[in-house]
Amino acid sequence: MTTSERSRPSELECITRSAEETRALARRLAPQLRPGDVVLLVGELGAGKTTFVRGLAEGLGLDPGRVSSPTFVLIQEYEREGAPSLYHVDAYRVRDPCELLEVGLEEYFERPGITVIEWGDKVRELVPPGAIEIRFEVLEDDRRRIRVRRLQRPT
Ligand code: ADP
Ligand code: MG
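All of these numbers come straight from a predicted model, not from anything done at the bench.

## Overview of the site of ligand 1
Here is step 1 of the chain: Near ligand 1 you find 19 residues, and of these Thr22, Gly48, Lys49, Thr50 and Thr51 are the closest.
Here is step 2 of the chain: Broken down by secondary-structure element, the contributors of at least two residues to the shell around ligand 1 are α2 (19-29) and α3 (49-60).

## Observations regarding the packing of α2 against α3
Here is step 1 of the chain: Where α2 meets α3, the closest approach of the two axes is 7 Å, and the angle between their N-to-C directions is 40°. One element, α2, and the other, α3, form an angle in the oblique class. The two elements α2 and α3 cross, and the hand of that crossing is right-handed. Between α2, through Ala19, Thr22, Arg23, Ala24, Leu25, Ala26, Arg27, Arg28 and Leu29, and α3, the contact on the second element is made entirely by Thr51, Phe52, Arg54, Gly55, Leu56, Glu58 and Gly59.

## Things to note about the pairing of strand β7 (residues 144-150)
Here is step 1 of the chain: Alignment of strand β1 (residues 11-16) against β7, held across 6 bridges, turns out to be antiparallel. The partner of Cys14 across the bridge, within β7, is Ile146.
Here is step 2 of the chain: In this sheet, β7 lies alongside strand β6 (residues 132-138) in antiparallel orientation, the contact comprising 7 bridges. For Phe136, the partnering residue across the bridge sits in β7 and is Ile146.
Here is step 3 of the chain: Where β6 folds back onto β7 in an antiparallel hairpin, the turn is made up of 5 residues, including Asp141, whose phi is positive at roughly 55°.

Rules of the game
Residues numbered from 1 in each chain as written. Chains lettered and ligands numbered in written order. Predicted model: local features only at pLDDT ≥ 70, side-chain atom pairs only at ≥ 80, totals over all residues. Near = placed C-beta within 6 Å. Helix = DSSP H or I, 4+ residues; strand = E, 2+ residues; numbered from the N terminus. Axes fitted to C-alpha atoms, helices over the stretch in contact; angles between N-to-C directions. Parallel < 35°, antiparallel > 145°, perpendicular 65-115°, else oblique. Left-handed = near helix turned anticlockwise from the far one by under 90°. Contact = placed C-beta atoms within 7 Å. Pairing = 2+ DSSP bridges.

Spelled out as structure tokens, the structure:
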């Protein structure tokens, strides 16, 4: 394993106690992401996925104010001169992963930006090996258990 690989997120488990803490965690992880990375966010409604995306945007030097949970737009692009692009997919309303192929999801994986997918468990078959999965578990008192792991690469 090279040093650069070791410094990228592999296995990590954190408990956050507020939305701000979740956002701060994402902000700190953002610089470890590389162009072409695909991040799957998995967790129930209200678990903190969109909050996490705001932190990622912030950490990449993008405008977190533009990040929302779009109801009818499947993919939003956040871009700024001099910053890595962030492609934000919300698969909440997706019933069949083919819907995302129709809007060109796979093309985003080839583009020089980071793709982050809410409800990422719905599209696991479509993402390239080596994608990062982040699971959100709702605990008591506003706490969230957040687990980060890199999905298996082929050997
Ligand atoms: P999702 O995108 O997973 O549906 P959101 O990020 O839109 O979830 O909303 C999460 C909600 O939970 C927000 O209202 C946020 O303020 C609240 N919240 C409370 N505690 C936390 C926490 N520890 N992390 C993230 N969000 C939290
Ligand atoms: Mg959301």
